[in-house]
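Understanding the architecture of this molecule
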2 protein chains.
Amino acid sequence: MKLYSNPDRSDWSEILKRPTQTVGDIEATVNEVFNAVAKNGDQAIADYTSKFDGVCLENPIVSAQEIEAAKTEVSESLKNAIALAKRNIEAFHSAQKTDKVTVDTMPGVTCWQEKRPIQKVGLYIPGGTAPLFSTVLMLAVPAQIARCKEIVLCSPPNKEGHIAPEILYAANLCGVTKIIKVGGIQAIAGLTFGTKSIPQVYKIFGPGNQFVTVAKQIATKYGVAIDMPAGPSELLVMADTTANVAFVASDLLSQAEHGSDSQVILVTTCQEFAKAVSEEVQEQLAVLPRKEMAEQAIANSKTIVVDANTTAIDLINAYGPEHFIVATADNDFFVNEISNAGSVFIGDYTPESAGDYASGTNHTLPTNGFSKAYSGVNLDSFQKSMTFQNISKEGIQNIGKTIELMAEAEGLQAHKNAVTLRLKELEK
Amino acid sequence: MKLYSNPDRSDWSEILKRPTQTVGDIEATVNEVFNAVAKNGDQAIADYTSKFDGVCLENPIVSAQEIEAAKTEVSESLKNAIALAKRNIEAFHSAQKTDKVTVDTMPGVTCWQEKRPIQKVGLYIPGGTAPLFSTVLMLAVPAQIARCKEIVLCSPPNKEGHIAPEILYAANLCGVTKIIKVGGIQAIAGLTFGTKSIPQVYKIFGPGNQFVTVAKQIATKYGVAIDMPAGPSELLVMADTTANVAFVASDLLSQAEHGSDSQVILVTTCQEFAKAVSEEVQEQLAVLPRKEMAEQAIANSKTIVVDANTTAIDLINAYGPEHFIVATADNDFFVNEISNAGSVFIGDYTPESAGDYASGTNHTLPTNGFSKAYSGVNLDSFQKSMTFQNISKEGIQNIGKTIELMAEAEGLQAHKNAVTLRLKELEK
C-alpha cells in the first residue's frame, strides 16, 4: 500500500484521482451491436450470443422446467441464506415507501405528489466464474416492492447454454417476470429496442463489464433510463488506533479481491497503525484464493495519514467513496459530517460484506465520486414521482391574478389567456 | 390540428412519435467549447461570451450593487406575485421532506437511510427575449430547502452585459449564493470543470436550447449529474363533451406558444368536440402576440378521437406526456390509471399555467416520454439518499453465517473472511 503522510490539501485531488477509463474504442463496437439489434432483432441477438458467448441457443427464454431444475440444484443451506437476506432486504426497502404528499397551497388549490412504479424494468446480471445471485436480490426485491409490472432479467449463458441455478432460483423467488439468456452489449441493446423475445423496458439496472457499462450509457441516448453510471468498486476505511488491525485488513482485502482495478483507501490519524494494517494485509493476502487479483489492487491502494479527524472528513468528502467504513473512537463525528458516500459501515463489527449480501441495505452504489450527486439503488429507483393538482373555481380566483402577472412578465400571453378566460367565465 | 379518428393500436407509435433531434453537428461544437474551457478557464469563457453573446465583460460575477439595482427595477405588483408563487412552491416542496428510515433488520443489525443535500448545484437560466424568473423559483427554492451549500446560477448577459432584473431579484430572494453572467455551452462547461470565477458543481439543473441540452449530456461524461435529459415541451389534453371548449383551446395554445417544436395533443371520445376545439383554437390564435410560433406548433399538433376512456388511457400511457390535463366526466378514472405523465392537471379550472408559475408544483418535468422512467424536479432532486449500518457483536453473530455462505457461493473468499475473523474474535 502506498503511504502518504499528511499530504498538503493542494495534493489531495491528485492523490484521490481515480484511474480514467478510455471508452472510445468500445463505443464503436457498442454502436455496431445496437444498430444490428435495432435492425435484425432476435437474429442479431442470436448471432452475437454465438460470437461472444460461444453458444447457439434455440430459444433464449428460460423455461419453467429450467427454473424447476434450478430449485433442486441449490443447496438447502444456501436457500436458507438467500431467504434470510431477502427478508432483510425486503424489510429495509419496504420501509422506504412514502405516502402521497398533499398540500393545499391556497384555498381551492390542492397539489399532491405520488410515486408510481416504472412499469417495465430490465435487470442485468453479469455471468462469469461466480454467479452474482446477490445482485438479483438487490434489484428484483425493490422492483417487486415498487410493483413494477414487467421485471425482465438478462444474464449471459455459459458454454452449455445455461444460467447458473443460483441466479434462476433467486430471480424466480423475487418475482422476476421473464428471464432471458443474453448478455453483454446485445442484452442492453435488446432491452433498449425490444425484440420478439426481449421486451423493451424503460429503465435498465445492474452491474457489468466495460462493454455493458458503455452500452448502458448509449441506451440513454435512445430514451432508456439507467440506474447510474458505473466504475470500479471502491472502499475507503477511516480507522484510528482504537480499531482492530486484522478487521481493517480483512475489509480492505474484501474490496481488493473484486479485481485489479478496485479502489482501496485507508485513512488514519496514526502512522504506526497504518504500518500494522499494511503488514496484516500482506499476511492475510497470502492465503486468499483470488490472491493475484487482490495483490494488484493492494499494490495500487493508498494509505493516507492525516493530523486530525477534521482533516480526514474533508478528505473523505472530497473523495466521495462508494463504501465507507468508519472504525474510530468518534464514529458519531464521521456519521454526522459525511456528505458524500454511497453506504456507511459503522464500528468494528460492521464489515462491508454485511451490506454486500444480507443486512438489508442495497449494494448497488455510486462509484467514481458519483456519491456527490447520486443515490445508491433504493425503492425510489423503481418509481417516479408524479405531481397532480386540482384547482377549484374559488382556487383559480385566489391564484389567477398572480399567474396572469407572471405569464405577462415572461411574455407568454397564451399562458395568461388560459387563466383570463376562466376568470371571466366566473365573473359571468 | 391533424385529426386521427379511432386509429388502430398498431399505428399508435407512429402517430405518437416525437420529432427526432439531430445532435451530431452540435456535439462537435460542444466538445470544442468544453476542451477550451477545461484548458483556459475564464479566458475561454470570456472569449465565447464575446463571440456568442456579443459582449465583453470585465467581471462575469454579478455584484451586490447590481442585485440592489434589480430590486428597484421590478414592479411591486410583480414582486408580490413572485412572493406568492415562492410561498406556494416552498410549501409544496417542504412537505416532501422525509424522515430518516431506520430498520433493525435483525437483532443487532441496524440499517438506516438518510437524505443529505448535494453540496454544490448549478442552475442554468436561459436568456432570450423574456426573462424566465419562474424557473429560478422552481430550481432555487427546492435547492434552498434541501440545504445545498453552494447554489450557483448562470444566465447569459444581454448585449449591454446585464441579466434581466427579474432573474436577479428572484435569485437573490431564493438564496442563490453566486450569480454569473455566462450562458450557453460555456456556462455548462464552466460548471463542469470550474474556473476561477465559476465554481465546479456536482449537478446541473435547468432548461436551455439544443446547445445547452447537448452540453448537459456531455457534462455527464465528466462525472457531473444533470436533472434530466430535455426535449421540446409537451401537453396532452384529455377532454370529453363535458369539458369547456374555450378552456381546452386556450390550454393547447398556451403550450403551442412555447415554440414551433412544442408538442400539442388532444385526445377525446367525441369527434364533434374535437372539431369545436379546433375552430376555437383558430379564433384564439388570431389575437396572440406569439401567433406565428403557436401557428406552427398547432399545425403539427394532433387530435386523436378514441372510442372509450379505457382506450384513451392506454394511448396516453403509451405517450407519457410531460403535462397532462384531464377534463372529463370521470377524471378519477384517469387520475387512478395514469402511469406515465410528468404532472397532471385535473378539471376545468386547472390550467397548465397554474403549475408553470404559482400553484406550488414544479414546472421542470420529463419530456420526450421520459415520464415513463423519470420524475420531475422535486426536493429529492437536490439530495441523495445514503445508507448507514451499525452491527453489534450480537448482530454479526446473528447474520454472520448467512454472509459467509453467500460470499462463498459467489467465490469471494475475502468477503467471507472479513466475517469469519470477527466471528472468531467473539468466540475467544
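Since the model is a prediction, treat every value here as computed from it, not as a measurement. (Residues numbered from 1 in each chain as written. Chains lettered and ligands numbered in written order. Predicted model: local features only at pLDDT ≥ 70, side-chain atom pairs only at ≥ 80, totals over all residues. Heavy atoms only, no water.)

Some words on the pairing of strand β3 (residues 109-117) of chain B
All names here are of chain B. By the criterion of burial, β3 is predominantly enclosed, with 7 of the 9 residues buried. In the sheet, strand β2 (residues 101-106) pairs with β3 via 5 bridges, with the strands oriented antiparallel. The residue bridging aspartate 104 from the neighbouring strand is threonine 110, located in β3. Hairpin remark: β2 followed by β3, antiparallel, with 2 residues in the connecting loop; positive phi at glycine 108, about 90°. (Buried < 20%, exposed > 50% of the residue type's maximum accessible area, 1.4 Å probe, protein only. Helix = DSSP H or I, 4+ residues; strand = E, 2+ residues; numbered from the N terminus. Pairing = 2+ DSSP bridges.)

Points about the nonpolar core
Inside soluble globular proteins, nonpolar side chains tend to come together where they are buried. Ranked by internal contacts, the top residues of the largest apolar core, which has 64 residues, are Val121, Leu123, Ile179 and Phe382 of chain A. Take this core: its biggest share by element is 9 residues, from helix α5 (residues 133-145) of chain A. With near-sequence residues (within four places) excluded, leucine 123 of chain A lies in contact with Leu139, Ala140, Ile151, Val152, Leu153, Cys154, Val176, Phe205 and Phe382 of chain A. Membership of the second largest hydrophobic core comes to 63 residues, among which are Leu137, Ala143, Phe247 and Tyr349 of chain B. (Core = buried A, V, L, I, M, F, W, Y, C linked by side-chain atoms within 4.5 Å. Contact = heavy atoms within 4.5 Å.)

Here we look at the side chain of lysine 216 of chain B
In this fold, lysine 216 of chain B is placed in helix α8 (residues 210-221). When neighbours within four sequence positions are excluded, lysine 216 of chain B is seen to be in contact with Ile188, Ile204, Phe205, Gly206, Ile226, Asp227 and Met228 of chain B.

Here's the deal with the pattern of salt bridges
The final tally for this structure, using the stated rule, is 31 salt bridges over all chains. Note that lysine 216 of chain A is salt-bridged to aspartate 227 of chain A, the shortest N-O span being 2.7 Å. One end of the pair, lysine 216 of chain A, is in helix α8 (residues 210-221); the other, aspartate 227 of chain A, is in the loop between β8 (225-226) and β9 (234-239), with 11 residues separating them in the sequence. Three or more residues joined by partner-sharing salt bridges are found here, namely Lys100, Glu114 and Arg116 of chain B. (Salt bridge = Lys/Arg side-chain N within 4 Å of Asp/Glu carboxyl O.)

Examining the interface of chain A and chain B
Taken together, the 115 residues of chain A in the interface contact 116 residues of chain B. Summed over both sides, the interface of chain A with chain B buries roughly 9,800 Å², with 62% coming from carbon and sulfur. When the area that chain A buries against chain B is broken down by residue, the three leading residues are Tyr349, Glu410 and Arg422 of chain A, summing to 9%. Summed over the shared surface of chain A and chain B, the result is 4 salt bridges. Two residues, lysine 221 of chain A and glutamate 27 of chain B, come together in a salt bridge whose shortest N-O distance is 4.0 Å. Across the contact surface, chain A and chain B share 60 residue pairs in polar contact (both at pLDDT 80 or more). No other element matches the 10 residues that helix α16 (residues 413-427) of chain A contributes to the side of chain A that touches chain B. Residues of the side of chain A that touches chain B, tallied by class, amount to 56 nonpolar, 40 polar and 19 charged. Of the strand pairs in this sheet, strand β13 (residues 343-346) of chain A and strand β14 (residues 383-391) of chain B are connected by 4 bridges, and their pairing is parallel. What sits directly across from serine 343 of chain A, in β14 of chain B, is threonine 387 of chain B. (Buried area = accessible area lost by both parts, 1.4 Å probe. Polar contact = N/O pair within 3.5 Å; in protein donor to acceptor, adjacent residues only side chain to side chain. Nonpolar A, V, L, I, M, F, W, Y, C, P; charged D, E, K, R; others polar.)

Some thoughts on the packing of aromatic side chains
Residue and element names in this part refer to chain A. For the coordinates displayed, the defined rule picks out 18 aromatic pairs over all chains. With a centroid separation of 5.3 Å and an interplanar angle of 5°, the aromatic rings of tryptophan 112 and phenylalanine 388 are classed as stacked. With a gap of 276 residues between them, tryptophan 112 in strand β3 (residues 109-117) and phenylalanine 388 in strand β14 (residues 383-391) connect regions that are remote in the sequence. Ring geometry for phenylalanine 370 against tyrosine 374: centres 5.5 Å apart, planes inclined by 80°, an arrangement best described as edge-to-face. What makes phenylalanine 370 buried here is its relative accessible area of 6%. The side chain of arginine 18 reaches across the aromatic face of tyrosine 319, ending 3.8 Å from its centre. (Phe/Tyr/Trp six-rings, centres within 6.5 Å; stacked < 30°, edge-to-face > 60°. Lys NZ or Arg CZ within 6 Å of the ring centre and 35° of its normal.)

A closer look at the UniProt feature "active site" (unreviewed entry) in chain A
Residue and element names in this part refer to chain A. Here the UniProt-annotated "active site" (unreviewed entry) positions come out as Glu322 and His323. On the secondary structure map, glutamate 322 appears in the loop between α12 (309-319) and β12 (323-327). What glutamate 322 contacts, discounting residues up to four positions off in sequence, is Ser233, Glu234, Ala341, Gly342, Ser343, His363, Leu365, Pro366 and Thr367. A polar contact is formed between the side chain of glutamate 322 and the backbone nitrogen of glutamate 234, at a distance of 2.8 Å. Relative to the assigned elements, histidine 323 resides in strand β12. Residue class for histidine 323 comes out buried when judged on its relative accessible area of 2%. Discounting residues that sit within four places of it in the chain, histidine 323 has contacts with Ser233, Glu234, Leu235, Leu236, Gln255, Ser343, Phe345, Glu352, Asp356 and Leu365. (UniProt positions renumbered as here; feature names shortened; annotations may be inferred.)

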